[in-house]
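If you want the building blocks of each chain, they are given just below.
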Amino acid sequence: MDPITHGLIGAAATQSFSNKKNLRQVSLVGFFSALLPDLDVFISRASDPLLNLEFHRQFTHSLVFIPVGALIASALIWWLVKKQLSFKETYFYSLLAYGSACLSDAATSYGVQLLWPFLDERFSWNLISIFDPLFSLIIIVAVGFSLYKKKSLFAWVGLGWIAVYLSFGFLQQQRVRNVAQEIASQKGHVIEQLIIKPTMANEILWSVRYTYGDSLFTHGVRLIPFSKPTLYVGESAALLSWKKKYAPLKGSILYQDIERFSTFSDGILITHPDYENVIGDGRYSLLPTSLSPIWGIEIDTTKSNQHVPFGTYRKPTKEVRQRFMDMLLGK
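Please read these numbers as outputs of a predicted model, since none were measured by experiment. (Residues numbered from 1 in each chain as written. Predicted model: local features only at pLDDT ≥ 70, side-chain atom pairs only at ≥ 80, totals over all residues. Heavy atoms only, no water.)

### A word on the packing of aromatic side chains
Here is step 1 of the chain: Scanning the entire structure with this criterion turns up 19 aromatic pairs.
Here is step 2 of the chain: Between Y110 and W295, the aromatic rings sit 6.4 Å apart at their centres with planes inclined by 80 degrees, giving edge-to-face as the arrangement. Taken as a pair, Y110 in the loop between α5 (87-106) and α6 (133-149) and W295 in strand β7 (residues 295-298) lie far apart in primary sequence, 185 residues in all.
Here is step 3 of the chain: Under the relative-accessibility criterion, Y110 is labelled buried at 14%.
Here is step 4 of the chain: W295 gets classed as buried once you look at its relative accessible area, which sits at 11%.
Here is step 5 of the chain: An aromatic cluster is defined as three or more aromatic residues linked by ring pairs; in this entry it consists of Y110, F261, F264, Y284, W295 and F310.
Here is step 6 of the chain: When the ring centre of F264 is taken as reference, the NZ or CZ atom of R283 above it lies at 5.4 Å. (Phe/Tyr/Trp six-rings, centres within 6.5 Å; stacked < 30°, edge-to-face > 60°. Helix = DSSP H or I, 4+ residues; strand = E, 2+ residues; numbered from the N terminus. Buried < 20%, exposed > 50% of the residue type's maximum accessible area, 1.4 Å probe, protein only. Lys NZ or Arg CZ within 6 Å of the ring centre and 35° of its normal.)

Structure below.
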């Protein structure tokens, strides 16, 4: 999730266990501690662009690291609140907020390695997009009223809203899953990998991607409660058989980097339609019906002993924005 929403969720979580006397200090601890896990974005190495991808939402978001992360947060913030809170109390509130950040990130589509170091799998529940203004707005109001009125009741309202909104996302997701199964069945496809996630900033327009054989298929599905789904037929593309294509380079840094990027992308790699030498992550694009990846790695076989560059390829042109809004509004 975006940093502001993380901080607000952390504040709401801590406010709900606070009293009137220390509500403001507890809110500060919660907001700050919830931001700390995402400091892993600064883990990088100029000579190895994929390092940041691997470490973002990795150990700092794992369940076993939450107590450690909360301790670090407490040590950093306690000097600001030590007149009102003991270190033990500060740690308790930091633990709540830090844990809330890790779990809320798992609710998005990017995923977190909750079970690191025992398991490298990224858990992505795909219930909400990275940024959702409606979701964040109500939390802002709840946290704000809690501070203004000095009553934790409003914080509990905010937490209730989070539970309701994510539950709604789950119900929407299950409806989309049924639509995806119908689409594949009508085409005679047997789904091998299925990715269902909400598009940016809403729970109405969803992206459906599935693999069948050696191809990736996309569709957009618009869902309004108690209404029939609207289907937007998308594109299809061949999955990149990179192990075969780059077999002569096996053992090189380039080959190892493609393997790393494939692991990050759940094996769903395609050639970027606009850049012949770019391998893209087929799971993400600006439009749910598009197979134009928003990020990928650039391949230069003449530099097989160098790390591959990682780049973003977002092109939010007026046409793309209009097409997105048309689908979102059901046009």
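Right, picking up where we left off after that structure.
### Structural notes on the pairing of strand β2 (residues 205-212)
Here is step 1 of the chain: With seven of eight residues buried, β2 is to be regarded as a mostly interior element.
Here is step 2 of the chain: Pairing of β2 with strand β3 (residues 215-222) involves eight bridges; the strand directions are antiparallel. By the bridge assignment for β3, R209 is matched with T218.
Here is step 3 of the chain: Where β2 hands over to β3, the hairpin turn is made up of two residues, of which G213 adopts a positive phi near 65 degrees. (Pairing = 2+ DSSP bridges.)

### As for the nonpolar core
Here is step 1 of the chain: The biggest cluster of nonpolar side chains holds 20 residues, and the ones touching the most others in it are Y246, I258, F261, I279, I297 and I299.
Here is step 2 of the chain: For this core, the secondary structure elements donating two or more residues are α3 (50-55), α9 (253-264) and β7.
Here is step 3 of the chain: With five residues, the single largest contributor to this core is α9.
Here is step 4 of the chain: Here I258 is in contact with W242, Y246, L269, I279, I297 and I299, once residues within four sequence places are set aside.
Here is step 5 of the chain: By size, the runner-up hydrophobic cluster in this structure holds 14 residues, among which are A12, A107, I139 and L166. (Core = buried A, V, L, I, M, F, W, Y, C linked by side-chain atoms within 4.5 Å. Contact = heavy atoms within 4.5 Å.)

### Description of unusual backbone geometry
Here is step 1 of the chain: Each neighbour pair has its own omega, and for W116 with P117 the value is 5 degrees, a cis peptide bond.
Here is step 2 of the chain: For P117, the position within the fold is in the loop between α5 and α6.
Here is step 3 of the chain: Even without being a glycine, K150 presents a positive backbone phi close to 55 degrees.
Here is step 4 of the chain: Looking at the secondary structure, you find K150 in the loop between α6 and α7 (153-186).

### Quick word on the side chain of S27
Here is step 1 of the chain: Tracing the chain through its elements places S27 in helix α2 (residues 23-35).
Here is step 2 of the chain: A polar atom in the side chain of S27 sits 2.8 Å from the backbone oxygen of L23.
Here is step 3 of the chain: Dropping the residues within four chain positions of it, S27 is found in contact with A11, T14, Q15 and L147. (Polar contact = N/O pair within 3.5 Å; in protein donor to acceptor, adjacent residues only side chain to side chain.)

### With respect to the pattern of salt bridges
Should the charged atoms of two oppositely charged side chains come close, the side chains can pair.
Here is step 1 of the chain: Applying the stated rule across the entire model yields six salt bridges.
Here is step 2 of the chain: Notably, a salt bridge pairs E54 with R260, separated by 2.7 Å at the nearest N-O pair. Linking E54 in helix α3 with R260 in helix α9, this pair joins segments that are 206 residues apart in sequence.
Here is step 3 of the chain: Residue classification places E54 among the partly exposed residues on the basis of a relative accessible area of 28%.
Here is step 4 of the chain: A relative accessible area of 18% places R260 in the buried class.
Here is step 5 of the chain: Across the pair D266 and R283 runs a salt bridge, and its minimum N-O distance is 3.2 Å. (Salt bridge = Lys/Arg side-chain N within 4 Å of Asp/Glu carboxyl O.)

### Section: the sheet that holds strand β5 (residues 269-271)
Here is step 1 of the chain: In space, the four strands of this open sheet follow the order β5-β6-β7-β8, with antiparallel pairing throughout. Every other strand in the sheet has two partners, leaving β5 and β8 (310-312) as the edge strands with one partner each. The average undirected angle you get between the axes of adjacent strands in this sheet is 35 degrees.
Here is step 2 of the chain: Direction of pairing for strand β6 (residues 278-281) relative to β7: antiparallel, over a ladder of three bridges. Looking across to β7, one finds that V278 is bridged to E298.
Here is step 3 of the chain: Here α9 sits on the sheet in contact with β5, β6, β7 and β8, set at roughly 170 degrees to β7. (Axes fitted to C-alpha atoms, helices over the stretch in contact; angles between N-to-C directions.)

### Some points on the sheet that holds strand β4 (residues 230-238)
Here is step 1 of the chain: The four strands lie next to each other as β1-β2-β3-β4, forming an open sheet whose pairing is antiparallel. Bordering the open sheet on either side are β1 (193-198) and β4, each of which pairs with just one other strand. Here the average twist between neighbouring strands, direction ignored, is 15 degrees.
Here is step 2 of the chain: Lying on the sheet, α7 is in contact with β1, β2, β3 and β4; it crosses β2 at an angle near 45 degrees.

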